[in-house]
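# Breakdown of the fold
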Amino acid sequence: MTPFVKEHGIVVPLDRANVDTDQIIPKQFLKSIRRTGFGETLFFDWKRRADGTLDPEFPLNQAHFKDAIIMVVRNNFGCGSSREHAVWAVVQAGFRVVIAPTRVLDGNRVPAFADIFASNSVKNGLLTIELPETEVDRIFDAITATPGMKATVDLTLQTITLHGAKDETIRFEIDSIRKDHLLRGLDDIALTLEHATQITSFEAKHDTQLRAQPA
Amino acid sequence: MAKTLFQKIWDRHVAKELADGTVLLYIDRHLIHEVTSAQAFEGLRLAGRPVRRPELTVATMDHNVPTEAKERKNIADAISRAQIEMLEKNCKDFGVTLYGLDSERQGIVHIIGPELGLTLPGTTIVCGDSHTSTHGAFGTLAFGIGTSEVEHVLATQTLRQTKPGTFRVDFMGRLRPGVTAKDMILKLIGTIGTSGGTGSVLEYTGEAVRALSMEERMTVCNMSIEGGARAGMIAPDDTTFDYVSRGERPFAPRGAALDQAIAYWKTLPSDPDAAFDRTITIDVDKLAPQVTWGTNPGMVMDVTERVPEPGSVPGYSRVDVEKALDYMGLTPGTPLTDVPVNVVFIGSCTNGRIEDLRRAAMVMSGRQVAKGVQVLVVPGSESVRKQAEAENLDKIFKAAGCEWRFAGCSMCLGMNPDQLKNQQRSASTSNRNFEGRQGKGGRTHLVSPEMAAAAAIAGHFVDFREWK
């Protein structure tokens, strides 16, 4: 997996909450048996008008966001299905970072990302950053003021520096396990197989309750 | 120390605690299907890794299989066909048991797991599909995973996991006639929102849950993911043991082994004083049939209500609601019972089991589908189809004007030819009303099988409690 250390590039805004995986990659693109070729399918339907032509209103279609590598969105991004194809589409369209807000609504925390999407992201070198809503609003405002604005995301320092009218730095929190995995670009399977002996000894005393195999 | 059901299963499956605070969680059953497994097997081939315990993985094909007889023999869509053939090849090469299109027990992965006796209390089950939460109905820790994790399980029979939180959902009271398990889970999602359960494993408790059949419990657990929770569980009891003990379930224990297993399963329910991180109580006494009006399952209301005004829906911004209503083609203030439907879909891993079909057939019996309404009835598995045909349910559906199909995911996600056309409106017993889910431009309303069948007859939504 490609390690994530520090990235610099354009930030594209997608001002929508609860963006589900069916929007990120519509189902007709899940039939591929390959791991590549998903970049063009990102937000396939949202990118297009009813007649099939590209919608110039959709941010990802706009010239100043063309080479964006950072996407800023609203809460609960990636909800819905477990399809890792959604993360493949985001990554293969050139993105390295997605930023979303955690909100507090009626005393409950509304998460930035859906669980499975976040878990799939780290396995593909995609950094998902959770920020308080006020900070995310600041990023949206900065892009409105300077469309095509760039930012630098430094995972080691846990900072986002917005290069708008003036430089502003926002610090973010990330759990140490996810950070370590991304920084080192670790292969989970190889790491787990280092514990093969322990898995074998666990299996020796563990009952899977599987009693039969059909003929 | 007092433990929850989840904690008991978790503790028994920690194969190794890792230095970073995560664990290697042992996986007892791994279910795979054609859509999310191909790239995982490709990864194994590239790294030269074998499947560690092929006998613990079981495969079927469900997502993109055609549901019409002639198409099943000869799949017209070359890309769909290639994906199905790849699964056949992978299962053969790696020694995995496959219930393919030629099998009498093929079906939706979450329907055949329980049918085959693969789903047992106290076990861990994963699958590259978010509706794996279904199996939690048995007191099983079951959750959906991505393809990288599918590969990880194939190679190691474990997953690296951070322990989730616990969230108890207590359904008190008694369901009124015409109100169902589907309405319970839709009400919960409407209450906590589509991310209310994120980071948690739900445990459903309370007298209303205890009163549910196994199939109804599966409907509840199935949609845990629509509330953001990867898993939802129900403590096993006599209803569970009875289900596992009955029928042709080749993977389930029998005889002395079953008695021994049941003795263990009886130790699984949460201890009375076990603590949960969060608890919510929902009273089902006055619960009405639920209908979704928007573009996610949390956008749901009683069938007696009217399409909401933007700015009046807790948890959603004015813009969220405006966009949803615009997509759905709905005007605020319209009574839901005035909303007409073009297509009715009865099936899916949420509501494609035999009890669902029986209840829908009861509504349809001796009646005719409204003019211009297309109705697809898609059994969740070939076993369900055969059982339904043995009970002549297929004849009832066909006499009413429905199409009777073979098993698969079908119009729940429209990866096969069963899709909504632009601006067609459906009453669907499935689990997601996302934009385009059932077909580009299609408008989905999630309901129970009874509500779907009644909408098919009436041509619009009706309050099933008043159905004569």
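Scroll up a little and you will see the structure.
All of these numbers come straight from a predicted model, not from anything done at the bench. Each chain has its residues counted from 1, running along the sequence as written. Ligands are numbered from 1 and chains lettered from A, in the order in which they are written. Given that this is a predicted model, residues contribute local features only at a pLDDT of at least 70 and side-chain atom pairs are listed and counted only at 80 or more, while totals for whole chains, interfaces and linings are drawn from all residues. Side-chain measures here rest on the full set of heavy atoms in the structure, leaving out hydrogens and waters.

## Details of empty space enclosed by the protein
The method works on a 1 Å grid over the protein atoms by themselves. A cavity is a set of points holding a 1.4 Å probe that cannot get out, a pocket is an open set with protein on both sides within 12 Å along at least five of seven lines, and residues with an atom within 4 Å of a point line them. Grid points are joined across faces, edges and corners, and a volume is the space filled by probe spheres set on the points. In this structure the tally under the stated criterion is 4 cavities of 30 Å³ or more. In this structure, the largest cavity occupies an estimated 210 Å³ of space. Contributing to the lining of the largest cavity are 24 residues, with His63, Asp129, His131, Leu413 and Arg437 of chain B lying nearest its centre. The way it works is that DSSP assigns letters per residue, a run of H or I at least four long becomes a helix, a run of E at least two long becomes a strand, and they are numbered from the N terminus. Where the lining of the largest cavity is concerned, the elements lending two or more residues are helix 2 (34-47), helix 5 (109-116) and helix 13 (348-351) of chain B. The class makeup of the residues in the lining of the largest cavity is 8 nonpolar, 11 polar and 5 charged. As a volume, the second largest cavity reaches approximately 90 Å³. Lining the second largest cavity are 13 residues, with Gly80, Ala114 and Asp115 of chain A together with Ile225 and Gly228 of chain B sitting closest to its centre. In terms of residue class, the lining of the second largest cavity is made up of 5 nonpolar, 6 polar and 2 charged. Side-chain classes follow a simple rule in which Ala, Val, Leu, Ile, Met, Phe, Trp, Tyr, Cys and Pro form the nonpolar group, Asp, Glu, Lys and Arg form the charged group, and the remainder, Gly included, forms the polar group.

## A few points about the interface of chain B and chain A
By definition, residues are in contact when any of their heavy atoms lie within 4.5 Å. Counting from both sides, the interface comprises 84 residues of chain B and, opposite them, 61 residues of chain A. Summed over both partners, the accessible area lost on bringing two parts together, with a 1.4 Å probe, is the buried area. Taken together, the two surfaces of chain B and chain A that pack against each other cover about 5,900 Å², and 54% of this comes from carbon and sulfur. Any Lys or Arg side-chain nitrogen located within 4 Å of an Asp or Glu carboxyl oxygen qualifies as a salt bridge. Between chain B and chain A we count 9 salt bridges in total. Here Arg16 of chain A ties to Glu435 of chain B by a salt bridge, and the two come within 3.4 Å at their closest N and O atoms. For this analysis, a polar contact is any N or O atom pair within 3.5 Å, provided that within protein one partner can donate a hydrogen and the other can accept it, and provided that sequence-adjacent residues contribute only side-chain to side-chain pairs. The interface formed by chain B and chain A contains 37 residue pairs in polar contact (both at pLDDT 80 or more). Here the side of chain B that touches chain A takes 7 residues from helix 6 (residues 147-156) of chain B, the largest share from any one element. Here the side of chain B that touches chain A is composed, by residue class, of 29 nonpolar, 32 polar and 23 charged.

Functional significance is not addressed by these values, which are geometric in nature.
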